[in-house]
Amino acid sequence: MTEITRVPLQPVKKGSLSKIWVGALALALAGAGVAYAAMPAQVHVKTLTEGHGPSPTTEDMVLINYKGTLPDGKVFDEAQQVPMELDGVIPGFSTALQKMQAGGKYTVDIPSELAYGEKGQGEIAPNTDLTFEIELLDFRSKAEIEQQQRMMQQMMQMQQMQGGAPGAPEAPSE
């Protein structure tokens, strides 16, 4: 028969259990901090004025007013009533527009990873976060815009076949 060595258990000292729980809590907080630091960069959109209706998709074109600023407040770009394709802009700008509704005004913070990153662009230095004020005036699908363009071309062709634009002054007859 084998003999089992017995080790007597020592009683837990007063206050030791609290120290164990504090240590476990510290480890959990450290783990949460590491997980937070490893999260991918995100675009932050703050609503200034509520919009209405659905939001645009990457298959849409938007009509916007916007102003882009650098972290020091310097305006690097600004325009009114600009048509843009959502798939033709920096990733953070496209992501932000997809969270908006027509008629709304927004402030958007785009981390450098979702802007121009390590390359920079013009007066935007590498690894620069950007802030935009955006008003989404309207949006339409690309298919809808293409259909409108075809209709306008047909109307122009019809006008040319009829001898010019309607309301155009006729040449004086002698």
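Right, let's walk through the structure included here. Bear in mind the structure is a predicted one, so any value in this text is a computation, not a measurement.

Reading guide: rules and limits
Residues numbered from 1 in each chain as written. Predicted model: local features only at pLDDT ≥ 70, side-chain atom pairs only at ≥ 80, totals over all residues. Heavy atoms only, no water. Core = buried A, V, L, I, M, F, W, Y, C linked by side-chain atoms within 4.5 Å. Buried < 20%, exposed > 50% of the residue type's maximum accessible area, 1.4 Å probe, protein only. Helix = DSSP H or I, 4+ residues; strand = E, 2+ residues; numbered from the N terminus. Lys, Arg positive; Asp, Glu negative; His and termini not counted. Salt bridge = Lys/Arg side-chain N within 4 Å of Asp/Glu carboxyl O. Polar contact = N/O pair within 3.5 Å; in protein donor to acceptor, adjacent residues only side chain to side chain. Contact = heavy atoms within 4.5 Å.

Before going further, it helps to spend a moment on the nonpolar core. Core analysis: the largest hydrophobic core is formed by 26 residues, its most contacted members being Ile64, Phe93, Val108, Phe132 and Ile134. If you list the elements that add at least two residues to this core, you get strand 2 (60-69), strand 3 (75-85), helix 2 (91-97), strand 4 (105-110) and strand 5 (130-141).

Turning our attention to the side chain of Asp60. Turning to its location among the elements, Asp60 is positioned in strand 2. Buried within the structure, Asp60 lacks any salt-bridge partner; its nearest side chain of opposite charge belongs to Lys142, at an N-O separation of 8.2 Å. Polar contacts involving the side chain of Asp60 include one to the main-chain amide nitrogen of Thr57, which spans 2.8 Å. Setting aside chain neighbours within four positions, we find Asp60 in contact with Met84, Glu85, Leu86, Phe139, Arg140, Ser141 and Lys142.

Note that Thr128 resides in the loop between strand 4 and strand 5. Overall, Thr128 belongs to the buried group, its relative accessible area being 13%. In contact with Thr128, other than residues within four places in its own chain, are Leu70, Pro71, Ser112 and Ala115.

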